[in-house]
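# Residue-level structural notes
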Amino acid sequence: LAKTTQPISMDSYEGQEVNITCSHNNIATNDYITWYQQFPSQGPRFIIQGYKTKVTNEVASLFIPADRKSSTLSLPRVSLSDTAVYYCLVGDLTISSGSARQLTFGSGTQLTVLP
Amino acid sequence: NAGVTQTPKFRILKIGQSMTLQCAQDMNHNYMYWYRQDPGMGLKLIYYSVGAGITDKGEVPNGYNVSRSTTEDFPLRLELAAPSQTSVYFCASSLGWADRNEKLFFGSGTQLSVL
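### Details of the sheet that holds strand 3 (residues 19-25) of chain B
Residue and element names in this part refer to chain B. Read across the open sheet, the four strands follow the order 1-3-8-7; overall the sheet is antiparallel. The sheet terminates laterally at strand 1 (4-7) and strand 7 (64-66), the two strands that pair on one side only. Taken pair by pair, the neighbouring strands of this sheet meet at an average axis angle of 20°, ignoring direction. Across three bridges, the pairing between strand 7 and strand 8 (residues 76-78) is antiparallel. Residue pairing across strands places V66 opposite L76, the latter belonging to strand 8.

### Topic: the layout of surface pockets
Volume-wise, the largest pocket comes out at about 600 Å³. Around the largest pocket sit 32 residues that line it, and Q38, F39, P40 and S41 of chain A together with Q37 of chain B are the ones nearest its centre. Elements with a contribution of two residues or more to the lining of the largest pocket: strand 8 (84-92) of chain A together with strand 9 (87-94) and strand 11 (110-114) of chain B. For the second largest pocket, the calculated volume is near 240 Å³. Around the second largest pocket, the lining residues are Q37, R45, F46, I47, N57, E58, V59, L75, P76, R77, D82 and Y86 of chain A. Ranked by residue count, the leading element in the lining of the second largest pocket is strand 4 (residues 45-50) of chain A, at three residues. The residue makeup of the lining of the second largest pocket, split by class, is six nonpolar, two polar and four charged.

### Observations regarding the nonpolar core
Among the nonpolar cores identified, the biggest contains 20 residues, and W35, I47, I48, L73, L75 and Y86 of chain A are the most heavily contacted of them. Where this core is concerned, the elements lending two or more residues are strand 2 (18-23), strand 3 (33-38), strand 4, strand 6 (61-64), strand 7 (70-75), strand 8 and strand 10 (109-114) of chain A. When residues in this core are grouped by element, the largest group, four residues, is from strand 8 of chain A. Discounting chain neighbours no more than four positions away, the residues touching Y86 of chain A are Q6, I20, W35, Y36, Q37, I47, L73, L75, G108, T109 and L111 of chain A. M32, Y47, A81 and L112 of chain B belong to the second-largest nonpolar core, a separate cluster that totals 19 residues.

### Description of the state of the cysteines
Here a disulfide denotes one covalent bond, and it connects the sulfur atoms of two cysteines. Applying the stated criterion across every chain, the model contains two disulfides over all chains. A sulfur-sulfur distance of 1.7 Å marks the disulfide that ties C22 of chain A to C88 of chain A. Of this pair, C22 of chain A sits in strand 2 while C88 of chain A sits in strand 8, and the two are 66 residues apart along the sequence. Classification of C22 of chain A by relative accessible area gives buried; the value is 0%. Here C23 of chain B engages in a disulfide with C91 of chain B; their sulfurs sit 1.8 Å apart. Across the S-S bond of C23 of chain B and C91 of chain B the torsion is about -70°, and the bridge reads as left-handed. Placement of C23 of chain B in strand 3 and of C91 of chain B in strand 9 is noted, with a sequence separation of 68 residues between them. The exposure class assigned to C23 of chain B is buried, which follows from its relative accessible area of 2%.

Criteria and thresholds
Residues numbered from 1 in each chain as written. Chains lettered and ligands numbered in written order. Predicted model: local features only at pLDDT ≥ 70, side-chain atom pairs only at ≥ 80, totals over all residues. Heavy atoms only, no water. Pairing = 2+ DSSP bridges. Helix = DSSP H or I, 4+ residues; strand = E, 2+ residues; numbered from the N terminus. Axes fitted to C-alpha atoms, helices over the stretch in contact; angles between N-to-C directions. 1 Å grid on protein atoms, 1.4 Å probe; cavity = no way out; pocket = protein on both sides within 12 Å on 5 of 7 lines; lining within 4 Å. Points joined across faces, edges and corners; volume = space filled by probe spheres on them. Nonpolar A, V, L, I, M, F, W, Y, C, P; charged D, E, K, R; others polar. Core = buried A, V, L, I, M, F, W, Y, C linked by side-chain atoms within 4.5 Å. Buried < 20%, exposed > 50% of the residue type's maximum accessible area, 1.4 Å probe, protein only. Contact = heavy atoms within 4.5 Å. Disulfide = S-S within 2.5 Å.

Written as structure tokens, this is what we have:
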């Protein structure tokens, strides 16, 4: 059971800002929200992580509203090399393991950057 | 540092055969994970381990077994391979829980085909 909901795909042009939103209604109080990027034939790679409000690093910004039920990854001035699948990750409260937490990726958002 | 190393990169199995996917990390991470990724889909958690000697089931554990005898290694065993196990397998590690201000480091994956 996927814990997060994202758009399946998005297209953009080089130089534009791209915003990808993830819905996570059952996020736990202490959970952080983490975004990963995956290129074909590679494992996912960490992009950014946050708990609330706004976080910015050298490659992206992450916006999290006060209720934390969604988050938005912002990629400024995308280039062709940003074409990839983007995943948001939170703990999964809907699957019981009897002890520890589950970390489930959703289907991700395929971002295609066009020239 | 090598990070997370997976072997083999590719493997073809016949139905009913068994094999072990190897995963090693050199970052002294406590937590390790096995995911599978079917074509066009997100990653599903198979098993995870919070330390040597401690493992637990993820979302899709059936048909797999794991062991964690050392901090560095986390092999995944496939018994009686079935076509439904055709997938790309990713091993990952993190210092602590990846949904609480930690991040996952992924290997490059093993492409497995069961024919």
